[in-house]
Amino acid sequence: MQELKENPYKKFNLAFALMVIVPFLVFLYLLTNKLFDFNILVGNIGFILFLTLFLSLCGFYIGFTILKNIFDKILIYAAQAKHSDQLKSTFVATVSHELKNPLASIKINIYNIFAGFIGQVNIEQKNVLGLCQSIVERMINLVNGLLDLHKIEAGVADMQRNELNLAEISGRQVNELQVLADKKNVRIIKEFLDEGLSVWGDEGKLSRAIINLLDNGIKFTPENGAVTLKIYPDDQFAKIECSDTGPGIPDDKIGLLFNKFERLNAAKEGTGLGLAITKDIVEMHRGRISVESQVGKGSKFIIILPRDLRATQR
Amino acid sequence: MPEKAPPKILVIDDTKELVLGLATLLKAQGYQVVAAYDALFGVSLAHKEKPDLIILDIGLPAGGGFYVLRNLKDSVQTLDIPVLVLTAQQETDLEAKVKQMGAAAYLHKPFAPESLLVQVKEILK
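Conventions used here
- Residues numbered from 1 in each chain as written.
- Chains lettered and ligands numbered in written order.
- Predicted model: local features only at pLDDT ≥ 70, side-chain atom pairs only at ≥ 80, totals over all residues.
- Heavy atoms only, no water.
- Pairing = 2+ DSSP bridges.
- Helix = DSSP H or I, 4+ residues; strand = E, 2+ residues; numbered from the N terminus.
- Axes fitted to C-alpha atoms, helices over the stretch in contact; angles between N-to-C directions.
- Contact = heavy atoms within 4.5 Å.
- Phe/Tyr/Trp six-rings, centres within 6.5 Å; stacked < 30°, edge-to-face > 60°.
- Buried < 20%, exposed > 50% of the residue type's maximum accessible area, 1.4 Å probe, protein only.
- Parallel < 35°, antiparallel > 145°, perpendicular 65-115°, else oblique.
- Left-handed = near helix turned anticlockwise from the far one by under 90°.
- Nonpolar A, V, L, I, M, F, W, Y, C, P; charged D, E, K, R; others polar.
- Expected span 1.5 Å × (residues − 1).
- Bend = angle between axes of the 7 residues up to and from the residue.
- Right-handed = clockwise from strand over helix to strand, strands pointing away.

A. Here's a closer look at the sheet that holds strand 4 (residues 226–234) of chain A. Residue and element names in this part refer to chain A. Spatial strand order, 2-4-5-7-6: five strands in an open sheet with mixed pairing. If you trace the sheet from one side to the other, it starts and ends with strand 2 (187–192) and strand 6 (288–294), each paired once. The average undirected angle you get between the axes of adjacent strands in this sheet is 15°. Of the pairings in the sheet, the one linking strand 6 to strand 7 (residues 298–306) comprises seven bridges and is antiparallel in character. Pairing of glutamine 294 across the sheet is with glycine 298, part of strand 7. Against the sheet, helix 4 (residues 166–183) makes contact with strand 2, strand 4 and strand 5 (237–244), and its axis sits at roughly 175° relative to strand 2, the strand it touches most.

B. Molecular detail of the packing of aromatic side chains. Residues and elements named next belong to chain A. Using the criterion set out here, one finds two aromatic pairs over all chains in the structure. Ring centres of tyrosine 111 and phenylalanine 117 lie 6.4 Å apart, and the angle between their planes is 65°; on these two criteria the pair is classed as edge-to-face. You can call phenylalanine 117 partly exposed: its relative accessible area is 29%. Where phenylalanine 258 meets phenylalanine 301, the ring centres are 6.4 Å apart and the plane angle is 85°; that geometry is what we call edge-to-face. Of this pair, phenylalanine 258 sits in the loop between helix 6 (251–254) and helix 7 (274–284) while phenylalanine 301 sits in strand 7; the two residues are 43 residues apart in sequence, bridging distant segments of the chain. Considered together, phenylalanine 258 and phenylalanine 301 belong to a single accessibility category, that of buried residues.

C. Quick peek at the packing of helix 2 (residues 39–49) of chain B against helix 3 (residues 65–74) of chain B. Residues and elements named next belong to chain B. Relative orientation of the contacting elements helix 2 and helix 3 amounts to 25°, with a least axis distance of 9 Å. As far as their axial angle goes, helix 3 and helix 2 are roughly parallel. As helix 2 runs across helix 3, the sense of the crossing is right-handed. The residues of helix 3 that touch helix 2, namely those facing Ala39, Leu40, Val43, Ala46 and His47, are Tyr67, Val68, Asn71 and Leu72. Looking at the contact of helix 2 with helix 3, its residues break down into seven nonpolar, two polar and no charged.

D. A look at helix 4 of chain A. Residue and element names in this part refer to chain A. Helix length check: helix 4, at 18 residues, gives a terminal C-alpha distance of 26 Å against a target of 26 Å (1.5 Å per residue), a fit within 8%. Taken as a whole, helix 4 carries its principal kink of about 45° at leucine 177. For helix 4, the set of buried residues is Leu166, Ala167, Ile169, Ser170, Gly171, Gln173, Val174, Leu177 and Ala181. On the buried face of helix 4, the contacting elements are strand 1 (161–165), strand 2, strand 3 (198–202), helix 5 (203–220), strand 4 and strand 5. Backbone geometry just after helix 4 places asparagine 185 at a positive phi near 55°.

E. Region of the structure containing the pairing of strand 1 (residues 8–12) of chain B. Residue and element names in this part refer to chain B. Among the five residues of strand 1, five are classified as buried, and the element is accordingly described as predominantly covered. Summarising the sheet, strand 1 and strand 2 (residues 32–36) pair through five bridges and their orientation is parallel. Pairing of valine 11 across the sheet is with alanine 35, part of strand 2. The handedness of the strand 1 to strand 2 crossover, carried by helix 1 (residues 16–28), is right-handed. Bridging between strand 1 and strand 3 (residues 53–57) involves four bridges; their strand directions are parallel. By the bridge assignment, valine 11 is partnered in strand 3 with isoleucine 55.

What follows is the structure, given as structure tokens:
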């Protein structure tokens, strides 16, 4: 498809001038001629009228041609945008089908072998299968993360906005991760200072943002540590703070935290997409996310969302 | 008194490796399993076998999973067979859509085998 780099609107002023200002000048000339009987173009009045008419028609024709060119380019832009959207949708559908189906097949077949449904499996074989299972889980997380990111970056069109009680949706995320925290002997402390605090947003997406922060907190907190989820109102905003007693983040790494595929600790499992997705979700809700951290003491992620329901509506 | 036959499950999915995995998993739990790899064959097998449960993929060749679901729920012979829908598709409202069409449950691929077994037991209870 034709590559378009110039802005078609740039020529709009010229077209406007040719189509409007030239006939206006002709009109002005005729008016001064009539009112003040002043004619700078002394001679055959018929010839002068013919000339002015010719000039106006030329101006109109050139202006019309430029406008037509502008609209043609707009149509090409629209076609390109539509094509690009179709490519994106095809990409998502292909990724969904071509990657998720094989992953589902690998996952269930490994499970069957591991469980001994196909025959006896010794401990060493189980260990290898366990490794395969964790690799498959990593790939599944990566594919899901990429698709989520794609969906989020595709825009806010599919946001399902409702009035959400933050304590309720946060409580559900805590329950969801309680087993994981118990396994690591990490305490999750809930500090919901206003049980009725609500924002206007997409429940699925905000839940995802909260669970990402909690999951990160649990992942990086050593045994017997704690992750605290605090919710409170602050003037026109609702604040969600997730703090942990993990190793903390060095100052020079904090700027990289929200980059896609950035994994500051390669020893910990993860795709490096969780915080990028969280940031996108928060920004879709007209909010902000920041982090405070001290090496050796822990980190605190702070989400600030506007409480005014209209502020997040578009 | 003759022993009651184990519940029969029809799996309709075009990913043969997944059907193999599902069949192994379900047979290990004592279920009978029959399989179809496309929509048309799936519908005809549902009418012929009268299974106790159908596990149905949405992204199917020869008609698609929606065609199968609509067909099953439109026929008095198959109307009461519960359908567990599996899908790799991404649409946010897909779960609501298939449940509105009469599906009993919904799982997103790749699913945990344990979750599938819980759903199957729950539906066949």
